[in-house]
Amino acid sequence: MGEEILRMEEIDKSFPGVHALDHVHFNLNRGEVHALMGENGAGKSTLMKVLTGIYSKDSGKIIYEGKEVEFHNTREAQDAGIVIVHQELNMVGDLTVAQNIFIGREFMSGIKINDRKMVEESKKLFDRLHIEINPTEKMSNLTVGKQQMCEIAKAISHECKVIIFDEPSAALTEKEIDDLFTIIRDLREQNMGIIYISHRMDEIKVITDRVTVMRDGTYVGTLITKDCTKDDIVKMMVGRVIYEQPKEKSLVPDDAPVVLKVDHLNAGKMVQDVSFELHKGEILGFSGLMGAGRTETARAVFGADPKQSGDIYINGKKVEINSPEDAVHHGIGYLSEDRKRYGVVVQKSITENSTLACLDDYISGIFINKAKEKEAAETYIKELDTKTPSADQLVVNLSGGNQQKIVIAKWLVKNCDILIFDEPTRGIDVGAKNEIYKLMNRLASEGKSIIMISSEMQEILRMSDRIVIMCEGKKTGELKIEEATQEKIMDKATRDIK
Amino acid sequence: MEKFKNSAFVKKVGFNRIVLIGVLILMYVIFCVAIKGFLGSSHLMGTLNYVYFLGFLSLGVTFVIATGGIDFSIGPVMFCCALISGYCFGTYHVPMAVAVILCILVGLLFGMFNGYLVAYWDVPPFIVSMASMNIAKGVASIFTKTQSISWPRAEEAGGWFRSIVKVGEFPMGLILFLVGAAICAVILNNTRIGRYILCLGSNKEAVRLSGVNVKKWLMLAYVICGILVGIAALFFVATYTTVQPNYGDQYNNEAIAGCVMGGTSMAGGLASIGGTVIGVFIIALLQEGILALGLAKDVQLIITGVIVIVAVYADVLARRRRK
Amino acid sequence: MEKTKKKSVLSLFSNQKYIVILVVILLAAIFMIASADFRKYTTFVTLLDMSYYYVLMGIGVAFPLITGGVDLSIGTGMVCYALVGGYLVRNAGVPVIVGILVALLFGIGIGALNGVLVAVMDLPAFLATLCTCMITRGLGSLLTFKSTVPWPTDKQPGGWFHTIFKITLANNTKIPLGFLWVIILTIIMAFVLKHTKFGRYVIAIGSNKEATILSGINVKFFHIMAYVVCGLFAGLAAIPYASAIPTIQPGTGAGVELDAIGGAIVGGVSATGGSGSIEGTFFGVYVICLLKVGLPFIGLQANWQQVITGAILIGTVMIDIVKKRRAVATGQAVA
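All values derive from a computational prediction rather than experimental measurement.

I'd like to hear about the overall build of chain B, residue by residue, with values.
In terms of regular secondary structure, chain B is built from 14 helices and two strands. Expected size for 323 residues packed as a compact globule is a radius of gyration near 20 Å; at 20 Å, chain B falls within 12% of this value. Structurally, chain B occupies a C-alpha span of about 55 × 55 × 30 Å along its principal axes. Looking at the 323 residues of chain B, the share that counts as buried comes to 59%. Accessible surface for chain B amounts to roughly 12200 Å². Of this, 67% is attributable to carbon and sulfur atoms. The positive charge centre, built from 23 side chains, and the negative charge centre, built from 12, are 11 Å apart in chain B.

This is the structure:
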């Protein structure tokens, strides 16, 4: 490990309603692989975005190569030698690998693009990284893993000194991860500073020199990898004071009937042989880190995405669910993660959104019974305490929390017995959060059955009767609330150190 | 100005529509002043004649644009309907009533064809339109052996169908058009079809995830359009008698212009039948005025093209603001 | 070593470009076998004569198509440019070369307008070019005061431009020289698409506009240029059009764009952008032209060609969609 190349001091950044970074520290040495860990929403990505100029910090200092710097966009950071390999690939599928790597800075001979030179230079890059990829291959023909390697090669072709990897292994196979590590070791040997953002414990142990943990936007601490254990890291990741009392005991009787049974569900890489049961009146928490496959599982159960195999039983009877239409017909409602994109039709009114799932019930003859519709909408506006001047208000004008209430209202108007809430309180202020928790509890006590997908530990522990934990497409654990702790959950949500 | 905008009357009718009505009235006044003899029933009749068939075309395409799609095969399809059913009447001697039904049926079939490809096969609407347009032209040509077809005059056998336009001097067509528009407005605003069409035009995925069979309703929008195109064909021949194969393109643009001018958004989800009606009147009046001015039809084409660009750009800007 | 798929002869034929060549040969063969008249040399010349403006339009429209857009104004545009240029020659006495230049410049101008409407003002391409289609139709008629315009015939002064396309030998055989130019232009534009920055970025824009913007490329400029090139070629197409059609009539031209666009898509240009080739477009347009000219020889009215072209267009796009769906289902691609 060489001398320090990067130091971030007292970085502070706030967005409306959320203090994303609270006096965070981070430093990086040359020839080091430094892991940046934390739960979803801990602030890792935000910190890197501040570093590379995508966000501007509110206060704090960034010292790079001994000088204080401030980057205003990624181009500036890139020119200075700081490059980030994003999680979402930015590749042009119809062009070849070489053409993608050098897009925007092609080698020219006159007006002709010198593709041959680009292929040669690409080969050199790949040799340097010990990757076997054919530079003349069309990008869209490569697996996601290989495309990521190209993204890395592209980053390195920029003569950089610091590389940031943002969750690089999420889409890679075992072999590809090994290749990735070989590349990273090479880069380390070439005296580059490498920041490795990941939540995978085993990888951290294998490839990194130091680990910095963030939690809820704050800096928790830095450990030397070879001197620490998984437990140490987990404790740092979750060691918050829980100011909300976790649910002490579930009120759901042990012999409550099973309303939903999912058996050996397979839907691509993110849902591998998942099985679970949901009892009447219970809130089943789905915990796990980003990319665990919880949303994908829910969508497969709901028929929103195709599945390869698996059986679904409702109240003991096997049902065929191949589309959301089927699912809704069987009484399942799904509140998606991104409510603005998938939950509500923002340019329409509250009333129109409320009856969208069961419009047939509001038809008299061939006409929509608008009075009845409005009445239903207003009933739930009152019940859910939605802040709006009237039921005719367009959803786009409501706050996040109230928009979420409209989505909930939609499924209540339909009278679904099984509700899947995917990140129900994301982006919602504390006051509205509590209202939604109260509502969920009331629904459960009225006999509805709820699956709650959440990345917030507080939420999981406060609301769930039982908890299912997923990790990388597989169900890794199931806990009753009485025996659940943050550590146990996080342990199952992260891969084991081999 | 703000007070005017927020007054109850304006809110009910819609600010855009009031502006449009204003434009319409202004245009009429200008034409009456600038053109000798414009004021009077003959030009009014000329305008109305244009309104009838164009109006139904516009109404039809409103449903399609409301889903965020497009259909510019409507002109040639309209002609295809009139040609095929007219040929059957003239050469196969089917009764007029059957010819009328056949006319609408052909429109319905094209609507199903277009809608099926767009909804179930995800073919981009503009490609379906292009292909449909030429298939309509070709089929019509082949069917009538490239002849143009004249529908019977009022006094001839079967000429009773002309009463949809005029009963004596009474403009029956206007009544029927307004009734048709009213029915469309009811369908769009008060029935399941309309609700689903508008919602899926605004956010198709959210509607799908609410358990709605979006493919079915998307296709239906094109079917409704097809039916209205068939009806438009009847009004066209009731007014202008003769239809030729390989024609009809210009009416596409005018119909879309009337629709877009009236406030229907190209992005989908927002549609106004009332606006479409006023838009159609504006286009028809424009065409009549330009003809009376002795200017070529070409001027009207250019103006219509510019109007659509302006209207759609205004919509683009409005959408950016809404976000 | 990464296993690269051996380019077997079979996989070559899954490339649409090569399928189109096969189809051209097949169609020509069918018509030649079915009709003795079709085998005549004069038929061959006629076919080529009427093909030039389609091919040029096709080459031009391939560029907006590859960016994921379209240009529906090429048909009426071409007629408009031919009208205006010819009007100046016929009525204002300008030399033919100036008339040609005017046509080209006018085409470039409308192309630029289209480019601005689509790339800068964000209007949907089909709508913006539908409007310019109307506008050019109106302009063509207006600027020539509604007259029909005949360009000079080959006997009249200024008629030299016909010889660009056809040379008549002493014994009255006609040599379709235009075919040569068209092939040369195809080769040039194929090079432009594959090997110049402009072509490269046109493909990138159609494939993934966001990623292209993020790479720091001036996307607006290249996007507009795609439409300018299209306009230029519509202007170019006006010349063989003027040569082929003795008297150009205002108000015509609509529907011609389907043949050019259809030809491009049959030749492998993706309807949603991002891929395609100029060579493929060349052959695709000839499929359409062969149908146009050949069908009457086997007793089918020319209008069948319209129906068949429409069906082929839809069929080609549907096959493309099926391929894409299959790739998503087997997990090879991200939806």
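So what's going on with the interface of chain A and chain C? Which residues, and what values?
Taken together, the 24 residues of chain A in the interface contact 23 residues of chain C. Each partner contributes to the roughly 1900 Å² buried at the junction of chain A and chain C, and carbon and sulfur atoms together form 56% of this total. On the chain A side of the contact with chain C, A:D94, A:I113 and A:E132 bury the most area, a combined 23% of that side's loss. The closest approach of N and O atoms between C:R200 and A:D115, which form a salt bridge, is 2.8 Å. Where chain A meets chain C, there are six residue pairs in polar contact (both at pLDDT 80 or more). Every element with two or more residues in the side of chain A that touches chain C is listed here: β8 (112-113), α4 (115-128) and α5 (144-156) of chain A. Considering every element that reaches the side of chain A that touches chain C, the biggest residue donor is α5(A), with three residues. Of the residues that constitute the side of chain A that touches chain C, the class distribution is 10 nonpolar, five polar and nine charged.

Outline the interface of chain B and chain C, listing residues and values.
Contacts between chain B and chain C engage 43 residues on the former and 43 residues on the latter. For the pair chain B and chain C, the summed buried surface comes to about 3800 Å²; carbon and sulfur atoms form 79% of the total. Run the count over chain B and chain C and you get one salt bridge. The shortest N-O distance in the salt bridge between B:R320 and C:D122 comes to 3.6 Å. Put simply, chain B and chain C have five residue pairs in polar contact (both at pLDDT 80 or more) between them. Looking at the side of chain B that touches chain C, the elements with two or more residues in it are α6 (96-121), α7 (125-143), α12 (249-261) and α14 (297-322) of chain B. For the side of chain B that touches chain C, the element with the highest residue contribution is α14(B), accounting for 13 residues. Class assignment of the residues belonging to the side of chain B that touches chain C gives a composition of 28 nonpolar, nine polar and six charged.

Hey, could you go over empty space enclosed by the protein for me, with residue numbers and the actual values?
One pass over the structure, following the stated rule, counts seven cavities of 30 Å³ or more. Of the pockets and cavities examined, the largest cavity occupies roughly 90 Å³. Residue lining of the largest cavity: B:F72, B:M133, B:D249, B:N252, B:N253, C:L72, C:L130, C:C133, C:R137, C:A254, C:G255 and C:E257, and that is the complete set. Those elements that place two or more of their residues in the lining of the largest cavity are α12 of chain B together with α6 (125-143) of chain C. When grouped by side-chain class, the residues that make up the lining of the largest cavity number six nonpolar, three polar and three charged. There is about 70 Å³ of room inside the second largest cavity. As for the second largest cavity, its lining consists of 13 residues, of which A:E39, A:S287, A:G288, A:S455 and A:M457 are closest to the centre. Of all elements in the fold, only α16 (457-463) and α17 (486-493) of chain A reach the threshold of two or more residues within the lining of the second largest cavity. Ranked by residue count, the leading element in the lining of the second largest cavity is α17(A), at three residues.

Tell me about the sheet that holds strand β15 (residues 283-287) of chain A, and please be specific about residues and values.
All names here are of chain A. Read across the sheet, six strands follow the order β18-β21-β22-β15-β23-β24 without closing on themselves; strand pairing throughout is mixed. For this open sheet the edge positions go to β18 (332-335) and β24 (474-480), each flanked by a neighbour on one side alone. Strand-to-strand twist across the sheet, computed as the mean angle between neighbouring axes with direction ignored, equals 15 degrees. Of the pairings in the sheet, the one linking β18 to strand β21 (residues 418-422) comprises four bridges and is parallel in character. Looking across to β21, one finds that G333 is bridged to L419. Each of β15, β21 and β22 (449-453) touches helix α15 (residues 430-445); the most contacted strand, β22, lies at about 145 degrees to it. Against the sheet, α17 engages β15, β23 (466-471) and β24, with an angle of about 30 degrees to β23.

Quick one: what's the story with the side chain of A:T212, residue by residue and with numbers?
Residue and element names in this part refer to chain A. Along the chain, the position of T212 falls in strand β11 (residues 210-215). Engagement of the side chain of T212 in a polar contact is seen with the side chain of T222, the distance being 3.1 Å. Filtering out sequence-adjacent residues up to four positions away, T212 remains in contact with F26, H34, A35, L36, M37, Y219, G221 and T222.

With reference to specific residues and values, describe the packing of aromatic side chains.
Under the defined criterion, the tally for this structure stands at 43 aromatic pairs over all chains. Pairing C:F63 with C:F198 gives two aromatic rings, centres 5.5 Å apart and planes at 15 degrees, and the pair type is stacked. Taken together, the positions of C:F63 in helix α3 (residues 41-66) and C:F198 in helix α8 (residues 197-207) put the pair 135 residues apart, joining distant regions of the chain. By relative accessible area, C:F63 is classed as buried at 0%. Here a set of aromatic residues connected by ring pairs shows up, and it is made of B:Y50, B:F53, B:F79, B:F236, B:Y240 and B:Y251. The ring of A:F107 carries A:K117 above its face, with NZ or CZ at 4.3 Å from the centroid. The residue whose ring lies beneath A:K261 is A:Y313, and the NZ or CZ to ring-centre distance is 5.9 Å.

Rules used throughout
- Starting afresh in each chain, residues are numbered from 1 along the sequence in its written order.
- Chain labels run from A onward and ligand labels from 1 onward, assigned in the order the entries are written.
- Totals for whole chains, interfaces and linings use every residue, but because this is a predicted model, local features are given only for residues with pLDDT of at least 70 and side-chain atom pairs only at 80 or more, for both listing and counting.
- To obtain the side-chain values, all non-hydrogen atoms of the structure were included, while hydrogens and water were left out.
- The secondary structure listing takes helices from DSSP runs of H or I that are at least 4 residues long and strands from runs of E that are at least 2 residues long, numbered from the N terminus.
- Put simply, the radius of gyration uses C-alpha atoms, and a globule should come to 2.2 Å times the residue count raised to 0.38.
- The buried label applies to any residue whose accessible area, calculated with a 1.4 Å probe on protein chains only, is under 20% of its type's maximum; exposed applies above 50%, and partly exposed to all values in between.
- What sets the accessible areas is the Shrake-Rupley method with a 1.4 Å probe; for residues, cover comes only from the shown protein chains.
- Neither His nor the chain ends contribute to the count of charged residues, in which Lys and Arg are positive and Asp and Glu negative.
- Note on charges: their place is set at NZ of Lys, CZ of Arg, CG of Asp or CD of Glu.
- We call two residues in contact whenever any of their non-hydrogen atoms come within 4.5 Å of each other.
- Buried area: the accessible area, evaluated with a 1.4 Å probe, that two parts lose upon being put together, summed over both parts.
- Definition used for salt bridges: Asp or Glu carboxyl oxygen within 4 Å of a side-chain nitrogen of Lys or Arg.
- For the purposes of these results, a polar contact is taken to be a pair of N or O atoms within 3.5 Å, where, inside protein, one atom must be able to donate a hydrogen and its partner to accept one; residues adjacent in sequence count only when each atom of the pair is a side-chain atom.
- Residues were grouped as follows: Ala, Val, Leu, Ile, Met, Phe, Trp, Tyr, Cys and Pro as nonpolar; Asp, Glu, Lys and Arg as charged; and all remaining residues, including Gly, as polar.
- Put simply, the grid is 1 Å and covers the protein atoms alone, a cavity is a trapped set of points that fit a 1.4 Å probe, a pocket is an open set with protein on both sides within 12 Å along at least five of seven lines, and lining residues have an atom within 4 Å of a point.
- Grid points are joined across faces, edges and corners, and a volume is the space filled by probe spheres set on the points.
- Note: two strands are recorded as paired if DSSP finds a minimum of 2 bridges between them.
- Think of each axis as a best-fit line through the C-alpha atoms, taken over the contacting stretch in the case of a helix, with angles from 0 to 180 degrees between the N-to-C directions.
- Under the pairing criterion, centres of Phe, Tyr and Trp rings, with the six-membered ring standing for Trp, must be within 6.5 Å; the plane angle then separates stacked pairs below 30 degrees from edge-to-face pairs above 60, leaving the rest tilted.
- Here, over-ring charges are defined by two tests on the NZ atom of lysine or the CZ atom of arginine: distance to the ring centre within 6 Å, and angle to the ring normal within 35 degrees.

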